[in-house]
Amino acid sequence: MRALTWHGKHDVRVDTVPDPEIVNPRDAIIRITSTAICGSDLHLYDGYIPSMKAGDILGHEFMGEVVETGSGSTLRKGQRVVVPFTISCGSCFHCSKHQYSACDNGVPADNQDIAQAAYGQPMAGLFGYSHMTGGYAGGQAEYVRVPFSDVGPIVIPDGVEDDKVLFLSDILPTGWQAAEYAQIEPGDTVAVWGCGPVGLFAVQSAFLMGAERVIAIDHFPHRLELAKRFGAETINFEEAKTYEALLEMTGGIGPDACIDAVGLEAHGFFADNIWDQIKVSTFTGTDRTHSIRQAILACRKGGRVSMPAVYGGFVDKFPLGAFMEKGLTLKTGQTHVQHYLPGLLNAIMEGKIDTTFLISHRMPLEQAAEGYRMFHDKQDEVTKVVLKPGMDLSQVA
Amino acid sequence: MGTGLTDIHRQDAPVTTSKDSGRAAVAAEEMSAPKGDSLIGKTVTINRPRRELYDYWRTLEQLPQFMENVERVEPMGGNRYRWTVKAPAGRTVEWVAAVTEDRPGEVIGWTSEEGADVANSGRVEFRDAPGGRGTWVTATLLYDSPAGIVGKVIAKLFQREPAIQVRRDLRRFKQLMETGEVATGAWTRAQRAEEMN
Ligand SMILES: NC(=O)c1ccc[n+]([C@@H]2O[C@H](COP(=O)([O-])OP(=O)(O)OC[C@H]3O[C@@H](n4cnc5c(N)ncnc54)[C@H](O)[C@@H]3O)[C@@H](O)[C@H]2O)c1
Ligand SMILES: [Zn+2]
Ligand SMILES: [Zn+2]
């Protein structure tokens, strides 16, 4: 089959690789019909994530048709499914508490050593996201092996087009969980750093959860415009001082809840950010953290900070004093996708949530490397690239 | 016995986590037929009943399902078993070990017979986890330290440090018992077969 493979920093290629097969009883093989490039994939593309190997197949936001099932799968051939990016067993203690991304059994035993050493305990497996998360082949491919297929994938009713449901795989539940973790109360003002897909879904979710106001922060005019369409007020951090603007816009109090949807690739020329960049390039630190620092400083006393953004390693100059003195609450983590799927599919079917607005580019899988380049270089207009393995070049919009 | 052993007994941290150089000797006191001067121990929580886990483990022929370096365990009658373990360059090493302790649903202990190339002894305990959260499975292994000739053989043999091996084997046991399979990133059966070698 054809698949997008990683070879190093800014080097991804569509190669011919072996077709996936049923390896374990609970596996299913999916023929992929739609598969997206994620902001998290850019962290791999930019070489920030350790334990990658040349030839690894990327992709963790995908859906398709079931073509083969193992003896322990509950899926049937021909069903259309969206697959969560987290690989969770469904039967360990954490899965039974719906903490799917903390699953004990998603990662092969040998690979668990890396997270055990770095984090204290191993985490769930992820598709196409380094060997630390299991070394699973991802879904930017024609076919994919899906482990624990009786627990993860959600079956999509006939007649619902891919573009409406594809983002159930990651960014929609991630934006939703981010808003849920902000514990929004009536009258609240919620600030969201980053108007990428995660931030935009967090904006949409925050309003659905009853936020009075949402303030969205980014520097890309087009992305800020999308946030405005959902009713958010906006701050362009290149034109305004974010902390000062947030305080002025909340009568000096600060937002009740702050959501960091930027992560370890924060843009901008802030003194602390440049320091972080120097350290990243000299391997003395792995994360750049401007947005989370700002969120903690701007947040009102006793407020909530929710951090869907991905950070991988150690962080310097984390304002622990401010965090303590102000009595903030921080909630974070990889998304427990499986927990949110039924409810969010319903919301889509009932027309309460629309996700199609986000897709700016649809292209064949063969052009995946170009898709990465565009998403990386032109983030303003390229909000989301969806690859369609079945699409031929004449269909490119 | 070194100094401070009484302290090991006086507090609640398991002896396997002790900083005292005499910890192996203390652990040996707990074993029915201890062999070896280096100690490792690991506990894993498994979301299944104690008896089910004991039964699987007590059928020693099944151990290769999750102990990836063990090729075969064959019953020789009575409480004796022949272990065939993978060694470098496609070779194998064998020894005979006897089950020296066996309380259904609670503990299995074994020790290698005199003359074994690789002297070792171990025990696995099954205890109810607090709060109805399944079973605590604790594996304790005594083996000769890498300083000794036998220890060097072991280290080569296992191709890894025994502590890493035990940790990974316990994770695979947990996966098998909780999910019915052992997790793998392989996406073809050929890749999986290669991993098992
Ligand atoms: N927790 C999870 O399970 C999970 C799942 C998916 C994605 N993520 C993470 O969420 C984050 C966002 O993902 P995305 O797909 O939306 O990424 P993205 O790269 O498309 O969006 C990030 C946005 O942040 C903006 N930004 C950069 N620096 C900023 C700053 N200093 N202040 C305000 N905005 C700034 C960028 O301009 C961009 O629009 C990433 O870190 C991603 O890895 C987490
Ligand atoms: Zn993603
Ligand atoms: Zn689990």
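Computed from a prediction, not measured in an experiment: that's the story for all the values here. (Residues numbered from 1 in each chain as written. Chains lettered and ligands numbered in written order. Predicted model: local features only at pLDDT ≥ 70, side-chain atom pairs only at ≥ 80, totals over all residues. Heavy atoms only, no water.)

This next bit is on the domain arrangement of chain A. Residues and elements named next belong to chain A. Here chain A is described as being made up of domain 1 (2–170 + 336–395) and domain 2 (171–332). Summarising the inter-unit geometry, the C-alpha centres of domain 1 and domain 2 are found 26 Å apart. Contact residues are listed per partner, giving 30 residues for domain 1 and 27 residues for domain 2. For the pair domain 1 and domain 2, the summed buried area comes to about 2,500 Å², and 62% of that belongs to carbon and sulfur atoms. The largest share of the area that domain 1 buries against domain 2 comes from Tyr48, Tyr340 and Phe357, three residues that together contribute 26% of it. Where domain 1 touches domain 2, the interface holds zero salt bridges. Across the domain 1-domain 2 interface, the total number found is nine residue pairs in polar contact (both at pLDDT 80 or more). (Domains from an automatic or database assignment. Contact = heavy atoms within 4.5 Å. Buried area = accessible area lost by both parts, 1.4 Å probe. Salt bridge = Lys/Arg side-chain N within 4 Å of Asp/Glu carboxyl O. Polar contact = N/O pair within 3.5 Å; in protein donor to acceptor, adjacent residues only side chain to side chain.)

Take the coordination of the zinc ion (ligand 2) next. Residues and elements named next belong to chain A. Taken together, Cys38 (SG), His60 (NE2), Glu61 (OE) and Asp170 (OD) make up the full set of protein donors to the zinc ion (ligand 2), lying 1.9 to 2.2 Å away. The coordination sphere of the zinc ion (ligand 2) comprises four donor atoms, whose angles at the metal cover 88 to 139°; the geometry is irregular. In primary-sequence terms, the residues that donate to the zinc ion (ligand 2) follow C-x21-H-E-x108-D. With a gap of 132 residues between them, Cys38 in the loop between β3 (28–36) and α1 (39–45) and Asp170 in the loop between α4 (162–165) and α5 (171–181) connect regions that are remote in the sequence. Accessibility expressed as a relative area gives 5% for Asp170, which makes it buried. (Donors = N, O, S within 2.8 Å, 3.2 Å for Na, K, Ca; no water. Tetrahedral: all angles 85-135°; square planar, octahedral: opposite > 155°, others 65-115°. Helix = DSSP H or I, 4+ residues; strand = E, 2+ residues; numbered from the N terminus. Buried < 20%, exposed > 50% of the residue type's maximum accessible area, 1.4 Å probe, protein only.)

Glancing now at the confidence of the model for chain B. Residue and element names in this part refer to chain B. Taken as a whole, chain B shows an average pLDDT of 86; of its residues, 86% reach a score of 70 or greater. In the model of chain B, helix α1 (residues 5–10) stands out as the element of lowest mean pLDDT, 58, in contrast to helix α3 (residues 50–58), which has the highest, 98. Model confidence for the complex: the whole-complex pTM is 0.91, and ipTM, which rates the interface, is 0.90. (pLDDT = per-residue confidence, 0-100.)

All names here are of chain A. For the zinc ion (ligand 3), the protein coordination sphere consists of Cys89 (SG), Cys92 (SG), Cys95 (SG) and Cys103 (SG), at 2.3 to 2.5 Å. Classification of the site at the zinc ion (ligand 3) rests on its four donor atoms, whose angles at the metal span 101 to 119°, yielding the label tetrahedral. Positions of the donor residues of the zinc ion (ligand 3), expressed as sequence spacing, correspond to C-x2-C-x2-C-x7-C. For the pair Cys89 and Cys95, a shared accessibility class is recorded, and that class is buried.

Residues and elements named next belong to chain A. Read from one edge to the other, the open sheet built from three strands follows the order β2-β1-β4, with strand pairing classed as antiparallel. Each having just a single partner strand, β2 (11–16) and β4 (56–57) make up the two edges of the open sheet. As paired elements, strand β1 (residues 2–8) and β4 share two bridges and run antiparallel to each other. Bridge pairing in β4 links Thr5 to Ile57. (Pairing = 2+ DSSP bridges.)

It is worth spelling out the interface of chain A and chain B at this point. Much of the literature gives interface size as the accessible area that the parts lose upon coming together. Contacts between the two partners involve 33 residues from chain A and, on the opposite side, 23 residues from chain B. Both faces combined, the contact of chain A with chain B buries some 2,400 Å², and carbon together with sulfur accounts for 46% of it. Looking only at chain A, the three residues that lose the most surface to chain B are Asn105, Asp110 and Asp113 of chain A, adding up to 21% of its buried area. Where chain A packs against chain B, one counts six salt bridges. Here Arg168 of chain B and Asp110 of chain A are joined by a salt bridge, their closest N and O atoms 3.7 Å apart. Connecting chain A to chain B are 22 residue pairs in polar contact (both at pLDDT 80 or more). Counting residues per element, the side of chain A that touches chain B draws most heavily on helix α3 (residues 112–119) of chain A, which supplies three residues. Taken together, the residues of the side of chain A that touches chain B sort by class into 17 nonpolar, eight polar and eight charged. (Nonpolar A, V, L, I, M, F, W, Y, C, P; charged D, E, K, R; others polar.)

Mapped onto this numbering, the UniProt entry annotates "domain: Alcohol dehydrogenase-like N-terminal" (unreviewed entry) at residues 25–153 of chain A. Helix makes up 15% of residues 25–153 of chain A and strand 25%, with an end-to-end C-alpha separation of 16 Å. (UniProt positions renumbered as here; feature names shortened; annotations may be inferred.)

To continue, consider empty space enclosed by the protein. All names here are of chain A. Evaluation of the coordinates by the stated rule reveals six cavities of 30 Å³ or more. In this structure, the second largest cavity encloses a volume near 60 Å³. Lining the second largest cavity, in full, are Val83, Pro84, Thr86, Ile87, Ser88, Phe127, Val146, Pro147, Phe148, Gly152, Pro153 and Gln338. Taken together, the residues of the lining of the second largest cavity break down into eight nonpolar, four polar and no charged. (1 Å grid on protein atoms, 1.4 Å probe; cavity = no way out; pocket = protein on both sides within 12 Å on 5 of 7 lines; lining within 4 Å. Points joined across faces, edges and corners; volume = space filled by probe spheres on them.)

Moving on, we get to the side chain of Ser88 of chain A. Residues and elements named next belong to chain A. Of note, Ser88 is situated in the loop between β7 (86–87) and α2 (93–96). Since its relative accessible area comes to 2%, Ser88 is described here as buried. One polar contact links the side chain of Ser88 to the main-chain carbonyl oxygen of Tyr100, over a distance of 2.9 Å. In contact with Ser88, other than residues within four places in its own chain, are Cys95, Tyr100, Ser101, Cys103, Ala124, Phe148, Val151 and Gln338.

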